[in-house]
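Chain and residue survey
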Amino acid sequence: MAELRPPSAPRRHLLSIADLTTDDVRRLLETAESLAASLDREMKKLPTLRGRTVVNLFYESSTRTLSSFELAAKRLSADTMSVRSSGSSVDKGESLKDTALTLAAYDPDVIVVRHPSIGAAHLVARLTDAHVVNAGDGKHQHPTQALLDLYAIKSALGRLEGVRVAIVGDVLHSRVARSLVQALGLVGAEAVLVGPPTLVPPTLASLGCDVSHDISSLAGADVVYVLRMQRERMAEAFVPSLREYTALYGVTPARIRPGQVVMHPGPMNRGIEIDPRVADSGQALVTDQVRAGLVVRMAVLYDVLTVAPVTAPAQAVVA
Ligand code: CP
């Protein structure tokens, strides 16, 4: 097996929202908007990435991200294959490095990586010649989720600049929240993080947003963005009980006002962080977010393969 080495050719990755400029975000959203028109046609497939290969390497469960990357690659006529750690040779103890090098032997153009460790996508970018897209690394980053959320907000409200988004719930364990706060900052929108001090510590204000422990803060927002309680990432009790969390911070019909839209990255814990009456209401954009995921991931695949790289080679930052 080859050793860790610098990339042999310039490549464009999407590892973090921090890699992007405002112009990058604008270009990606415009590309997604133009690709969305193709999905209304009877023949939905475009020849754009014919002859290219996209590998999805997923070490964590996923419904939305994996299915949308697969479909996005297919809609752009790329060859695609998905490897889930469960059922692969990872079960026999194969390392991320050896798995990445094995898949890189097929010369994929893009590797999409989801992994529980922070920096896993950076490592794959260092190890292989592929363009790498981070589909979620621990509680660090989920950049395509943030981009699809911007797309869904713009579609619903007609603008991004000046929009105020209240992100409520388990921010501590949330890569979605970290990515979204950065992305909102790039487009001139504001974020307030809302939840109990154990899940929304005041230090999170360093992300460049407001922090509130008062659920009534939702009232000032245009968008109420509900986060899943990530019990699988909680090694200790962060709330006295889920019942108490729901009573204090659950998003119920009484806690949202007319004119607000409600978002959730999924999967939802109905009856815990979000009341089913809110999830199923006309104010909820949850299905719009899933649809946005397809066109935004088509745009990301197109972008990494066609736009000249401007960022420095990825650093290995596995934590
Ligand atoms: N929002 C999100 O990442 O969903 P999945 O875990 O189903 O991909």
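As a reminder, the structure under discussion sits directly above these lines.
Our subject in this report is the structure included herewith. What you are looking at is a predicted structure, and each value in this text was computed from that prediction instead of being measured.

**What about the sheet that holds strand β7 (residues 210-212)?**
- Pairing within the open sheet is parallel, and its five strands lie in the order β7-β6-β5-β8-β9. Edge positions in the sheet fall to β7 and β9 (261-263), since each has one partner strand and no second. The average undirected angle you get between the axes of adjacent strands in this sheet is 25°.
- The pairing of strand β8 (residues 223-226) with β9 spans three bridges and is classified as parallel.

**Considering the pattern of salt bridges**
- As enumerated under the stated definition, the model contains 14 salt bridges in all.
- Residue Asp-24 is joined to Arg-12 by a salt bridge in which the shortest nitrogen-to-oxygen separation is 3.2 Å. Here the residue Asp-24 occupies a position in helix α1 (residues 22-39), and Arg-12 occupies one in the segment before α1, the gap between them amounting to 12 residues.
- Judged by its relative accessible area of 7%, Asp-24 falls in the buried class.

**Observations regarding the packing of helix α5 (residues 143-157) against helix α9 (residues 286-306)**
- At a minimum axis separation of 8 Å, α5 and α9 run at an interaxial angle of 120°. Regarding the angle of α5 to α9, the classification is oblique. By crossing handedness, the relation of α5 to α9 is classed as right-handed. Here α5 contributes Thr-144, Gln-145, Leu-147, Leu-148, Asp-149, Tyr-151 and Ala-152 to the contact with α9, which in turn contributes Gln-289, Ala-292, Gly-293, Val-295, Val-296, Arg-297 and Val-300.

**Considerations on the nonpolar core**
- Leu-147, Leu-150, Ile-167 and Leu-301 are the most contacted members of the largest nonpolar core, which totals 65 residues.
- Residue contributions to this core peak at 10 residues, all from α9.
- Residues lining this core come from more than one domain, with at least three contributed by each of domain 1 (17-142 + 291-309) and domain 2 (143-289).
- In contact with Ile-167, other than residues within four places in its own chain, are Ala-177, Leu-180, Val-181, Ala-191, Val-192, Leu-193, Val-194, Tyr-225 and Leu-227.
- Counting 23 residues, the second-largest nonpolar core is a separate cluster that includes Ala-166, Val-194, Phe-238 and Val-251.

Reading the values: the criteria
- Residues numbered from 1 in each chain as written.
- Predicted model: local features only at pLDDT ≥ 70, side-chain atom pairs only at ≥ 80, totals over all residues.
- Heavy atoms only, no water.
- Pairing = 2+ DSSP bridges.
- Helix = DSSP H or I, 4+ residues; strand = E, 2+ residues; numbered from the N terminus.
- Axes fitted to C-alpha atoms, helices over the stretch in contact; angles between N-to-C directions.
- Salt bridge = Lys/Arg side-chain N within 4 Å of Asp/Glu carboxyl O.
- Buried < 20%, exposed > 50% of the residue type's maximum accessible area, 1.4 Å probe, protein only.
- Parallel < 35°, antiparallel > 145°, perpendicular 65-115°, else oblique.
- Left-handed = near helix turned anticlockwise from the far one by under 90°.
- Contact = heavy atoms within 4.5 Å.
- Core = buried A, V, L, I, M, F, W, Y, C linked by side-chain atoms within 4.5 Å.
- Domains from an automatic or database assignment.

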